[in-house]
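Descriptive analysis of the structure
These are the residues of each chain, in order.
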Amino acid sequence: MQNEQWWEATTPDIAKTVADIYSALLEQSRGRFLDCRRWVSLYLGVNPAVLDTVIEEKLATQRYMPVNEVANMVDTQNARIARSVPRPMHLTRDGDYDQRERARMLDQFIEGAMLAARYKERARSANRDAFIHGTGILKVIGGDRNNMLRLERVYPWEILID
């Protein structure tokens, strides 16, 4: 990768510098992308050579393993672990009644925001991604028209690490 940061480039070269950095990040992430493809093909029980076709056909039923043990293990562990949803809890240190009440109300607010954002099902998808790819990612999107938080599942191959 280049020593120069894209924001320090001269004006006519900014687009070329950003494109060069993007290409370098793609090349650097190639091994991770190939690993993700291999892990997805194991989970789906399909030949890696036909993975793109299978994904386009929404996970066709043609499998090359008679019993997909990888998918069975991943789904079983995901069901066990994702059964209970972790949530933040606000505690006070030597707090009086008002502080404890504020912490309890903040807990209720956070729980309501997590319910509205459908955190449990999004976390279950991210958890399954973590089993398959080694990384599960949820993106928090804040403040839409209704001032509500949203969660979005992000696939590991959509993230470039510099």
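Residues numbered from 1 in each chain as written. Predicted model: local features only at pLDDT ≥ 70, side-chain atom pairs only at ≥ 80, totals over all residues. Heavy atoms only, no water.

**Observations concerning the nonpolar core**
Among the nonpolar cores identified, the biggest contains seven residues, and these are Val40, Tyr43, Leu44, Val46, Ala71, Val74 and Ile132. Of all the secondary structure elements, the ones that give two or more residues to this core are helix H2 (30–44) and helix H4 (69–81). Per-element accounting of this core gives the leading share, three residues, to H2. (Core = buried A, V, L, I, M, F, W, Y, C linked by side-chain atoms within 4.5 Å. Buried < 20%, exposed > 50% of the residue type's maximum accessible area, 1.4 Å probe, protein only. Helix = DSSP H or I, 4+ residues; strand = E, 2+ residues; numbered from the N terminus.)

**Some thoughts on the packing of aromatic side chains**
For any pair of aromatic rings, the description consists of the separation of the ring centres together with the inter-plane angle of the planes. The full count for this structure, using the stated rule, is one aromatic pair. Note on tyrosine 155 and tryptophan 157: the rings are 4.9 Å apart at their centroids and 10° apart in plane angle, and the pair reads as stacked. (Phe/Tyr/Trp six-rings, centres within 6.5 Å; stacked < 30°, edge-to-face > 60°.)

**Details of the pattern of salt bridges**
For the coordinates displayed, the defined rule picks out five salt bridges. Here arginine 118 makes a salt bridge to glutamate 121, at a shortest N to O gap of 2.5 Å. Arginine 122 serves as the salt-bridge partner of glutamate 121, at 3.3 Å between the closest nitrogen and oxygen. With a relative accessible area of 22%, arginine 122 lands in the partly exposed category. A network of salt bridges, in which partner residues are shared, links Arg118, Glu121 and Arg122. (Salt bridge = Lys/Arg side-chain N within 4 Å of Asp/Glu carboxyl O.)

**Examining the confidence of the model for the protein chain**
Put simply, the protein chain has an average pLDDT of 78, and 78% of its residues get 70 or more. Here helix H3 (residues 51–56) is the element of the protein chain with the lowest mean pLDDT, 61, and helix H5 (residues 97–116) is the one with the highest, 91. (pLDDT = per-residue confidence, 0-100.)

**Overview of a positive patch on the surface**
Residues Arg80, Arg83, Lys120 and Arg124 make up a contiguous surface patch of positive charge. Relative to the helices and strands, arginine 80 resides in helix H4. By relative accessible area, which is 53% here, arginine 80 ends up exposed. (Patch = residues over 30% accessible without salt bridge, like charges linked within 9 Å, V, L, I, M, F, W, Y side chains within 5 Å. Areas by Shrake-Rupley, 256 points an atom, 1.4 Å probe, with all protein chains shown as cover. Lys, Arg positive; Asp, Glu negative; His and termini not counted. Charge placed at Lys NZ, Arg CZ, Asp CG, Glu CD.)

**Some points on H2**
The end-to-end C-alpha distance of H2, which contains 15 residues, comes to 21 Å, matching closely the 21 Å that a straight helix rising 1.5 Å per residue would cover. Those residues of H2 lying buried are Phe33, Cys36, Val40, Ser41, Tyr43 and Leu44. In a view along the axis of H2, the buried residues occupy a sector of 160°, so they form one face of it. Immediately downstream of H2, the backbone of glycine 45 shows phi near 75°, a positive value. (Expected span 1.5 Å × (residues − 1). Arc of directions from axis to C-beta.)

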